Amino acid sequence: MEILSVIASLYVLPLLFLVFHVCKSAVEKRRHQTCYMLDYECYKPPAERKLDAMTAGRIMGRTRNLGVEELRFLVKAASRSGMSEETYGPKSVMEGSEGRPCLANAYAEVDEMVFSTVDGLLAKTGIPPSEIDILVTTISLLSPAPSWTARILNRYKMREDVKVYNISGMGCSGSVSGIDLVQQLMKSNRNCNAIVVSTEVMGQNWYGGKDKSMLLSNILFRAGACSMLFTNKPTLRNRTILKLKCLHRTHIGEDDEAYRCCFEKEDESGFRGFHLSKKLTTFAADALTKNLTVLLPKVLHTREMVHYEFVSRWNRFRGLVGRSKEGDSKLEVVRVNLKSGIDHFCIHPGGRAVIDTVGKRLWLDSYDVEPAKMTLFRFGNTSSAGLWYVLAYMEAKKRLKKGDVILMISLGAGFKCNNSVWEVMRDLGRPSVWEDCINDYPPTHLENTFIEKLGHLIDNLESCGS
């Protein structure tokens, strides 16, 4: 018997050691594959770049192609935009050179925003440029050669083996696309630090024509940028602020209308700009629904998903239908309690209609959509950087506590919905770009004075013309 026991142990011990080694390797691999955010830095332009009503009036006045009808449309759209007079215009536009776009102005605009945020990010984290392993830029409307990533690499004299990726054309959802690329790279590269830079070249793409669907981009988009630093180093885990739990990207570009609802093109007179369709919010809601169908089961409590599935199937079985405004029958909507697994909603501040559509579709209350609405009001739509201004608002309001879960919702041209879910790693409460005004938010009234200050000027032009 003793001999049999010895023989058995000779087989069992190596087997146990093998199982232990496999389990340890799996745990180690998972630890190194987790994507953490060390910090982020948003850009705040100088005060003289604020685009108030009178400055907007001067810009409109020097755009010679605009008639009284177009001016009235712009003023009306601006007054209903959900944006204040505290937002910041592009550098070249504020300096009066939007009618003569050139590459030098585009470089100056991007350099100021990008280098400012990267400088601040590296100073915050104490990570030197030599320790950056991955560099990603998400700038949609201009892709020069050498690339934006090459420009940053040259400025900071990064290593020759740094992995660089220049992402363009992704629109307002570009930042999450860049993060998705980083997390995929981290699965096969251990002990990495990665920087993602998100901004947009607004001045170069300022629309000088009179197509109303393209004039809207001049109203909505504002100057802004954000640089983020990510890591999968276990030794830096205690310094991180967020952990990426999951991310899902949805593209509904197979639909021709969805594909063209946000579209860069030239108008009939040859002026290049960005067309925004009236059906944009419809496609945003469609893309969001399809995305969350995949994402939410990974986030919400099992009992909530079981309840949702049971009630949905029961309603279909019973044939419960409602009536839409068009009179078409539709299945009764089953409400999902998103707050069973999500504490905060970081919504892309793409416009008042976009925020309202997302809030309504997800049954969110005023507290949930407040960060996005306040960001739109204070900074406007800063394209792919916008999400991080929303996060900064949450942080400045001291909403983010350790263990909280954040759902980030981004929407972009294509049409795309890229969403990510994050876990807060420690209590956060830094004021950042909101430092000088956070105590004034939310204001009692989200109104601006574009109509009051500019309406009479247009009336005078109209009377002169008649």
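You'll find the structure just up there.
This one's a predicted model, so the numbers in the text were calculated from it and none came from an experiment. (Residues numbered from 1 in each chain as written. Predicted model: local features only at pLDDT ≥ 70, side-chain atom pairs only at ≥ 80, totals over all residues. Heavy atoms only, no water.)

S.K.: Before we go on, may I ask you to explain the overall build of the protein in this structure?
M.R.: Check the secondary structure of the protein and you find 15 helices and 13 strands. Relative to its 466 residues, the protein shows a buried fraction of 53%. Pairs at least 24 residues apart make up 81% of the contacts formed inside the protein by residues separated by at least 6 positions. In the structure as shown, the protein presents an accessible area of about 22300 Å², 54% of it carried by carbon and sulfur atoms. (Helix = DSSP H or I, 4+ residues; strand = E, 2+ residues; numbered from the N terminus. Buried < 20%, exposed > 50% of the residue type's maximum accessible area, 1.4 Å probe, protein only. Contact = heavy atoms within 4.5 Å. Areas by Shrake-Rupley, 256 points an atom, 1.4 Å probe, with all protein chains shown as cover.)

S.K.: Before we go on, may I ask you to explain unusual backbone geometry in this structure?
M.R.: The general pattern is negative phi for most residues beyond glycine and trans for most peptide bonds. Along the chain, Ala145 connects to Pro146 via a cis peptide bond; the corresponding omega equals -5°. Of note, Pro146 is situated in the loop between β2 (134-138) and α6 (148-156). Even without being glycine, Asn191 reaches a positive phi, approximately 50°. By the secondary structure assignment, Asn191 is in the loop between α7 (174-186) and β4 (193-199). A relative accessible area of 38% means that Asn191 is categorised as partly exposed. Backbone geometry places Trp363, a non-glycine residue, at a positive phi of 55°. Checked against the element boundaries, Trp363 lands in the loop between α12 (352-361) and α13 (366-379).

S.K.: Even after reading the chapter, I still don't get the packing of helix α5 (residues 103-125) against α6, so can you show me in this structure?
M.R.: Axis angle and axis distance: for two packed helices, these are the angle between their axes and the distance between the axes, and together they describe the pair. Packing of α5 against α6 leaves a shortest axis separation of 11 Å and a crossing angle of 55°. Relative to α6, α5 is oriented oblique. Once α5 is placed against α6, the crossing between them reads as right-handed. Packed against α5, whose contacting residues are Ala106, Tyr107, Val110, Asp111, Val114, Phe115, Val118, Asp119 and Leu122, the element α6 presents Trp148, Arg151, Ile152, Arg155 and Tyr156 at the interface. (Axes fitted to C-alpha atoms, helices over the stretch in contact; angles between N-to-C directions. Parallel < 35°, antiparallel > 145°, perpendicular 65-115°, else oblique. Left-handed = near helix turned anticlockwise from the far one by under 90°.)

S.K.: Help me out: how do you make sense of α13 in this one?
M.R.: Along an α-helix, residues three or four positions apart point the same way, because every turn accommodates 3.6 residues. The first and last C-alpha atoms of α13 sit 19 Å apart over 14 residues, in line with the 20 Å expected at 1.5 Å per residue. Roughly 30° is the biggest bend found in α13, and it falls at Ala372. For α13, every residue scored as buried is listed here: Asp368, Val369, Glu370, Pro371, Ala372, Met374, Thr375, Leu376, Phe377, Arg378 and Phe379. Structurally, α13 contributes buried residues whose contacts are with β11 (344-347), α12 and α14 (386-396). By the N-cap criterion, in which a side-chain oxygen at the helix start approaches the backbone nitrogen of a residue two or three places on, α13 is capped by Asp365, the distance to Tyr367 being 3.1 Å. (Expected span 1.5 Å × (residues − 1). Bend = angle between axes of the 7 residues up to and from the residue. Polar contact = N/O pair within 3.5 Å; in protein donor to acceptor, adjacent residues only side chain to side chain.)

S.K.: For this particular structure, what's the right way to read the nonpolar core?
M.R.: Membership of the largest hydrophobic core comes to 53 residues, with the highest contact counts inside it found for Tyr40, Phe230, Trp388, Leu391, Trp422 and Trp434. In terms of residues, this core owes the most to one element, α14, which gives nine residues. Leaving out residues up to four positions away in the same chain, Trp422 has contacts with Met37, Ile179, Phe230, Leu242, Lys243, Leu244, Lys245, Trp388, Asp404, Val405, Ile406 and Met408. If you look at the next biggest cluster of nonpolar residues, it comprises 44 residues, including Cys172, Leu295, Leu338 and Ala372. (Core = buried A, V, L, I, M, F, W, Y, C linked by side-chain atoms within 4.5 Å.)

S.K.: Sorry if this is basic, but what is going on with the environment of Gly171 here?
M.R.: With respect to the helices and strands, Gly171 occurs in the loop between β3 (163-167) and α7. The buried category is assigned to Gly171, whose relative accessible area is 14%. When the C-alpha positions of Gly171 and Ser383 are compared, they lie 6.8 Å apart, and in sequence the two are 212 residues distant. When residues no more than four places from it in sequence are discounted, the contact partners of Gly171 are Ser140, Ser383, Ser384 and Ala413.

S.K.: Explain the packing of helix α10 (residues 280-295) against α12 here, please?
M.R.: Here α10 crosses α12 at 40°, and the two axes come no closer than 10 Å. Considering the angle they form, α10 stands oblique to α12. The handedness of the crossing between α10 and α12 is right-handed. Mapping the contact onto sequence places Leu280, Thr281, Ala285, Leu288 and Thr289 in α10 and Ala353, Val354, Thr357, Val358 and Arg361 in α12. Residues belonging to the contact of α10 with α12 are distributed by class as follows: six nonpolar, three polar and one charged. (Nonpolar A, V, L, I, M, F, W, Y, C, P; charged D, E, K, R; others polar.)

S.K.: Hey, could you run me through the sheet that holds strand β12 (residues 405-412) in this one?
M.R.: Each strand in a sheet pairs with another by means of backbone hydrogen bonds, the pair being arranged parallel or else antiparallel. Pairing in this open sheet of nine strands is mixed, and the strands run β3-β2-β4-β5-β1-β6-β13-β12-β11 from one edge to the other. Looking at which strands have only one partner, the edges of the open sheet turn out to be β3 and β11. For this sheet, the mean angle separating the axes of adjacent strands, direction not counted, is 20°. Relative to β3, β2 runs parallel, the two being bridged by five bridges. Across the sheet, residue Val136 finds its bridge partner in β3, namely Tyr165. Its contacts with the sheet place α14 against β1 (36-42), β5 (225-231), β6 (242-251), β11, β12 and β13 (416-424), and it is angled at close to 145° to β11. (Pairing = 2+ DSSP bridges.)

S.K.: Even after reading the chapter, I still don't get the pattern of salt bridges, so can you show me in this structure?
M.R.: Side chains carrying opposite charge are able to pair once their charged atoms draw close together. This structure, assessed with the given rule, holds 23 salt bridges. In this structure, Lys50 and Glu86 form a salt bridge, with 2.5 Å as the shortest nitrogen-oxygen distance. Taken together, the residues span a long stretch of sequence, with Lys50 in the loop between β1 and α2 (53-61) and Glu86 in the loop between α3 (68-79) and α4 (91-94) at a distance of 36 residues. On the basis of relative accessible area, Lys50 is assigned to the partly exposed category, the value being 23%. (Salt bridge = Lys/Arg side-chain N within 4 Å of Asp/Glu carboxyl O.)

S.K.: Please explain α2 as it appears in this structure.
M.R.: Along α2, the positions that sit buried rather than exposed are Ala53, Thr55, Ala56, Ile59 and Met60. Taken down its axis, α2 places every buried residue within 160° of arc, on the same side. Exposed side of α2, more than 90 degrees from the buried face: Arg58 and Gly61 are the residues found there. (Arc of directions from axis to C-beta.)

S.K.: I keep staring at the environment of Lys401 and nothing clicks. Help me out?
M.R.: For Lys401, the position within the fold is in the loop between α14 and β12. Beyond its immediate stretch of four places on either side in the chain, Lys401 contacts Val424, Arg426 and Asp427.

S.K.: What exactly am I supposed to notice about the packing of aromatic side chains here?
M.R.: Aromatic ring pairs: the centre-centre distance and the angle between the two ring planes describe each pair. Under the criterion given, the structure shown has 13 aromatic pairs. With a centroid separation of 5.5 Å and 75° between ring planes, the pair formed by Tyr259 and Phe263 is classed as edge-to-face. The exposure class of Tyr259 is partly exposed, given its relative accessible area of 39%. For the pair Phe379 and Tyr389, a centre-to-centre distance of 4.9 Å together with 50° between the ring planes defines the contact as tilted. Placement of the pair is Phe379 in helix α13 and Tyr389 in helix α14, with a sequence separation of 10 residues. The two residues Phe379 and Tyr389 agree in class, both being buried. Among the aromatic residues, those joined into a cluster by ring pairs are Tyr88, Phe377, Phe379, Tyr389, Tyr393, Trp434 and Tyr441. Sitting above the plane of the Tyr40 ring, Lys124 keeps its charged end 5.7 Å from the centroid. The positively charged end of Arg151 is found above the aromatic ring belonging to Tyr107, 3.9 Å away from the centroid. (Phe/Tyr/Trp six-rings, centres within 6.5 Å; stacked < 30°, edge-to-face > 60°. Lys NZ or Arg CZ within 6 Å of the ring centre and 35° of its normal.)

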